[in-house]
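Descriptive structure summary
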Amino acid sequence: MTPAGGSYETLPSDPREECVDAEQNSPLLVRQHGVVLKTPHGGSLTAHADGHSYTYSYGPSGITGLFRNRYATGCAIFASIGGLSFGYDQGVIANVLVMKDFLSRWPVSPWEKGLMTAVLELGALFGALSSGILADKYSRRHSIFLASVIFCIGSGLQSGARNLNDLIIGRAVGGFGIGALSMLSPLYMAEISPPELRGSLIALEQLAIVLGVVFGFWTGFLTRNIDSSASWRIPLALQFIPGVSLCLGCFLLPPSPRLLVLRGQLDDAARSLAKLRLRTPEEAAHDPLIQLELLEMRANTALARQDTGTKGSGDMHDWAKLFHSKYRDRTLIGVMMMFFQQWSGINALLYYGPSLVRNIGLNGDEVTLLVSGGIGIVQAIAVIPAILYLDKWGRKPLLKGGSAVMAISHLLIAILIRQYENDWPSHSAAAWLAVTCVYTFTAAYGMSYGPIGWILPSEVFPLSMRSKGVSLSTASNWINNFIIGLITPPMMEISPAVAFIIFACACFAGYLWSSRIVPETANVSLEEIDAVFNTSAGQDDSRVKFELERELGVHDLIKNLVANCD
C-alpha cells in the first residue's frame, strides 16, 4: 500500500534510460534533508530527503481529523449505509429462520433453508460484478441510487411474501442491490476521502456491516413473540429504512472528483474537491494541496488509460491479464484471501447462529437467541483494536494467530459436540465451554480475517490492475459465501461435529497459507512486494507514474513550493 497522500518513489533505471534529459530527472530537493512545508488551512507537504518522494495531508489523522473534515466524514458515513444494509440482512435472517409463525407457514427443509439464505449471495455476486461497469458508465451516485432501488424492491418482495418462492426471489433481487452497494459504497468513500483519513473512512464500511448484523439480529429478537406474520415481516420490512435513505440522499452527495477527472471535467472536479475539503472556489485556486491532489488524479487516470488502451474497462483481455504470469500469484492471494475468510465459518454462525447454538447443547429459545446474538456484538468489539493497530502489528502475524485460534476453537467445539451431543442436559458446563469457543473464534476472526480480507487484495495489486484485482477478489467472496450459505444447513443436519471439523480444517489450511505464501504488506514498498512475487509489476507502474506526474506538472509544483520556502 502506498503511503497516505500519494507518496511515490523513483526506481532503479536500466542503462537504456540513462540518457534521459537531466532536467527531467532532477530531484525535488537539492539539500540532503527533508523539508516540511506548512500550507494554508492547516495542511502540510513533506518532501523527503531522498529527493524523489513526497507525502501530504490536509490536517491531522484520527478522531481529530474526522471532525476537522466533517463534510467528507459525513458523506462517508452516509455512503456506508450500503454496508449497514448487508449486515442487517445477515443478522435478521438468523432470527427469521427460527420464528414460530414463519416455520408454521413454510416448514422448510435444510436444503430450502440453505437456498433461501444463499440465493442472496448469488444475486450479490452479479450485483458486484455489474456495479463497476455501471459506476464508470454513469456515475457513483446514480449507481448507488439504482442499487438502492433494487434493494428496496427486494425488501418489498420479502416482507410481502405470500409463499416461499416470493421470499426466495425477493432475496435474490435484494442481493443484487446489496452486492452492488458492497462495491459502490467503499469505492465512493475512497474517492472522496482526504489521504490522511482514507483508511479510517474506508474502515467505516466494515464497522457498518458489523453494526448492521447487531441491529438486524436484535430487531428480530424483539419481534419474535408477535403472534402473527408481523413477527418476521416487520424486521424484513425495516430494510426499507436504509434503502430509502440512500435513494433519497445519494443525490445530495457531492460527485466523485476522481470520476469527473476520468471524464475530463476538470473544472467540475476542482469544485467538487474544494467542497469536500471545505474550501471556497477562491481558496481552492490558491491551495497547493488541492492543486496537487487534482494533478495526482490526472496522473492516476492517465496510468489506467495507458494500461487498458482504448478497449474499455470491461474488455475480457484486461481481465485475462490477471492470470498472466506477471500477476497470477497476486491474483491468487486476493482470491484465496476471500476463500479462507468465508470458509472460516463466520457467516455460517451469522446466518444460522440460533440453529448452531442449539447443536452445542443450549436449551430454550431465549437463551439460544441471546447467545447467538452475542456473536455480532463480540465481532463488533474485536474489529476496533484491529482498526487501530493493524498497521503496527502487521497483516501476516494477525492472519497466522487468527487462523490458529479459529482452528482450535472449531476443533474443541467439534470434540464437545461429538462427546456430549446425546446428553447435553447433564453437561451444561461443556455446553457453555462450547459457547466460549464460539465467542473466542468470533473475536479472533474480527481481529484478523474480517478486516484484513478487505485490505490485503488492494495492497498486493499494482495500481493499474488494482480495481480489477479487487473486483475479482470480491467475486470470490460472494461465490464462497453462496456455497457456505447453501451447504451449512444440510451439513448441520447430517452431523454438526463434522461441520465444525470442516471449518477447523479450513482454518488450519488458512494458517499454512498465511504462514508460507502470504507476504507482509504493512508499510512495505512496491519494490519489496515485487521481490516477493519475483516480478517488476509494481516498479513498472511506479516508473510510468513518475513520468506522468512529471509531464503533468506535479514535480514542478512541489519544486516551486520548496523554492519559495527557501
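To start, this report covers the structure provided alongside it. All figures in this text were calculated on a predicted structure; none of them were measured in a lab.

Quick notes on the packing of aromatic side chains
Any pair of aromatic rings gets described here by the distance separating the centres and the angle formed by the planes. If you walk through the whole model with that rule in mind, you get 12 aromatic pairs. Through successive ring pairs, a cluster of aromatic residues spans Phe 339, Phe 340, Trp 343 and Trp 513. Sitting over the face of the ring of Phe 221, Arg 224 holds its NZ or CZ atom 4.0 Å from the ring centroid. Sitting over the face of the ring of Tyr 58, Arg 277 holds its NZ or CZ atom 5.2 Å from the ring centroid.

Re the nonpolar core
As a rule of thumb, soluble globular proteins bury nonpolar side chains together. In terms of nonpolar packing, the biggest core is built from 48 residues, with Ile 333, Met 337, Leu 399, Met 406, Tyr 449, Ile 452 and Leu 456 touching the most fellow members. Each residue touching Met 337, except ones within four places of it in the same chain, is listed here: Leu 332, Leu 399, Tyr 449, Ile 452, Gly 453, Leu 456, Pro 457 and Trp 513. Val 35, Leu 37, Leu 273 and Met 297 belong to the second-largest nonpolar core, a separate cluster that totals 22 residues.

Section: unusual backbone geometry
Non-glycine residue His 41 carries a positive phi angle of around 70°. Structurally, His 41 is set in the loop between strand 1 (35-39) and strand 2 (43-47). Phi angles above zero are rare outside glycine, and Leu 278 is one such case at about 60°. On the secondary structure map, Leu 278 appears in the loop between helix 12 (266-276) and helix 13 (281-285). Classification of Leu 278 by relative accessible area gives partly exposed; the value is 36%.

Considerations on the packing of helix 19 (residues 395-420) against helix 21 (residues 449-460)
With their axes 11 Å apart at the nearest point, helix 19 and helix 21 run at an angle of 140° to one another. Note that helix 19 runs across helix 21; the crossing there is left-handed. Of the residues in helix 21, those touching helix 19 at Arg 395, Leu 398, Leu 399, Ser 403 and Met 406 are Tyr 449, Ile 452, Ile 455, Leu 456 and Glu 459.

As for the pattern of salt bridges
Overall, the coordinates contain 10 salt bridges when judged by the stated rule. With its nearest N and O atoms 2.7 Å apart, the salt bridge here joins Glu 191 to Arg 140. Of this pair, Glu 191 sits in helix 7 (residues 164-192) while Arg 140 sits in helix 6 (residues 140-159), and the two are 51 residues apart along the sequence. According to the relative accessible area criterion, Glu 191 is buried, its value standing at 9%. For Arg 271, the salt bridge identified is with Asp 268, shortest N-O distance 2.2 Å. Residue Arg 271 and its partner Asp 268 are both found in helix 12; the two are separated by three residues, about one turn of the helix. Each of Arg 258, Arg 277 and Glu 293 takes part in a single network of salt bridges with overlapping partners.

With respect to the pairing of strand 3 (residues 54-57)
Covered by surrounding structure in strand 3 are Tyr 54 and Tyr 56 together with Thr 55 and Ser 57, the residues of both alternating faces. Summarising the sheet, strand 2 and strand 3 pair through four bridges and their orientation is antiparallel. Each residue of the ladder has a partner; that of Leu 45, found in strand 3, is Tyr 56.

Considerations on the sheet that holds strand 2
Spatial strand order, 1-2-3: three strands in an open sheet with antiparallel pairing. Pairing within the sheet leaves two strands with one partner each, and these edge strands are strand 1 and strand 3. In this sheet, neighbouring strand axes are inclined to one another by 15° on average, regardless of whether the strands run parallel or antiparallel. As judged from the five bridges shared by strand 1 and strand 2, these two strands associate in the antiparallel manner.

So, how was this worked out
Residues numbered from 1 in each chain as written. Predicted model: local features only at pLDDT ≥ 70, side-chain atom pairs only at ≥ 80, totals over all residues. Heavy atoms only, no water. Phe/Tyr/Trp six-rings, centres within 6.5 Å; stacked < 30°, edge-to-face > 60°. Lys NZ or Arg CZ within 6 Å of the ring centre and 35° of its normal. Core = buried A, V, L, I, M, F, W, Y, C linked by side-chain atoms within 4.5 Å. Buried < 20%, exposed > 50% of the residue type's maximum accessible area, 1.4 Å probe, protein only. Contact = heavy atoms within 4.5 Å. Helix = DSSP H or I, 4+ residues; strand = E, 2+ residues; numbered from the N terminus. Axes fitted to C-alpha atoms, helices over the stretch in contact; angles between N-to-C directions. Left-handed = near helix turned anticlockwise from the far one by under 90°. Salt bridge = Lys/Arg side-chain N within 4 Å of Asp/Glu carboxyl O. Pairing = 2+ DSSP bridges.

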